[in-house]
Amino acid sequence: MKGSSMIPEDEILEIKNYIKGQLAAAGGNIKMAVDRMNAAYDDRKDYYPTTTKQVNEGTIPYWKAVRMAKVMGYDIRWVKHKETE
C-alpha cells in the first residue's frame, strides 16, 4: 500500500497548498527551494522531482520541510492552540 493512500485527501491538499503558498509568498517555488537546499546543505542532494512528489502527496519529511523553510527565510514553530492552554 502506498504511504500517501493512508493520508486523508483533505490533509494532502492542505499540506500541498500550504507549502506551495508559503514558497510563493517568499517569492519562490519548489525548484528554487531545492536549489537553495542543495547549496546550503552539503550532506545530501535533494531532487526537484522527488521533492515535488513529496509535497504533492503530503508525504514530505519533516526535516526536509524545516530545511525548505529555512532556506526560504522562514522558521517552523509549534504554537499551542489557544483553546488547549
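Below is a summary of the structure that appears in this document. (Residues numbered from 1 in each chain as written. Predicted model: local features only at pLDDT ≥ 70, side-chain atom pairs only at ≥ 80, totals over all residues. Heavy atoms only, no water.)

### Thoughts on the overall build of the protein chain
- In terms of helices and strands, the protein chain carries four helices and zero strands.
- N-terminal to C-terminal, the α/β element order of the protein chain is α-α-α-α.
- Expressed as a percentage of the 85 residues in the protein chain, the buried residues total 29%.
- In the protein chain, 56% of the contacts between residues at least 6 apart in sequence involve partners at least 24 apart.
- Computed over 14 positive and 12 negative side-chain charges, the separation of the two mean positions in the protein chain equals 5 Å. (Helix = DSSP H or I, 4+ residues; strand = E, 2+ residues; numbered from the N terminus. Buried < 20%, exposed > 50% of the residue type's maximum accessible area, 1.4 Å probe, protein only. Contact = heavy atoms within 4.5 Å. Lys, Arg positive; Asp, Glu negative; His and termini not counted. Charge placed at Lys NZ, Arg CZ, Asp CG, Glu CD.)

### Considerations on the packing of aromatic side chains
- With the rule as written, the count across this model stands at zero aromatic pairs.
- Note that Arg67 overlies the ring of Tyr41, its terminal NZ or CZ placed 4.1 Å from the centroid. (Phe/Tyr/Trp six-rings, centres within 6.5 Å; stacked < 30°, edge-to-face > 60°. Lys NZ or Arg CZ within 6 Å of the ring centre and 35° of its normal.)

### Observations concerning the pattern of salt bridges
- Throughout the structure, instances matching the rule amount to six salt bridges.
- Residue Asp46 is joined to Arg44 by a salt bridge in which the shortest nitrogen-to-oxygen separation is 3.4 Å.
- Among the residues examined, Arg44 registers a relative accessible area of 38% and is labelled partly exposed.
- Between Asp46 and Lys64 there is a salt bridge whose closest N-O contact spans 3.3 Å. Of the two residues, Asp46 sits in the loop between helix H2 (30-40) and helix H3 (48-57) while Lys64 sits in helix H4 (residues 62-71), which places them 18 residues apart along the sequence. With respect to class, Asp46 is no different from Lys64; both count as buried.
- Through salt bridges that share partners, Arg44, Asp46 and Lys64 make up one connected network. (Salt bridge = Lys/Arg side-chain N within 4 Å of Asp/Glu carboxyl O.)

### Brief notes about H2
- Within H2, burial applies to Ile30, Ala33, Val34 and Met37. Buried residues along H2 cover an arc of 100° about the axis, so they all sit on one side.
- Summarising the contacts, the buried residues of H2 are in contact with helix H1 (9-25), H3 and H4. (Arc of directions from axis to C-beta.)

### Details of the side chain of Asp46
- Asp46 gets classed as buried once you look at its relative accessible area, which sits at 4%.
- Separated by 3.4 Å, the side chains of Asp46 and Arg44 make a polar contact.
- Dropping the residues within four chain positions of it, Asp46 is found in contact with Val34, Met37, Asn38, Thr51, Trp63 and Lys64. (Polar contact = N/O pair within 3.5 Å; in protein donor to acceptor, adjacent residues only side chain to side chain.)

### Focus: H4
- Turning to H4, its buried residues are Lys64, Ala65, Arg67, Met68, Ala69 and Val71.
- In the stretch just after H4, Gly73 is the one whose phi turns positive, near 90°.

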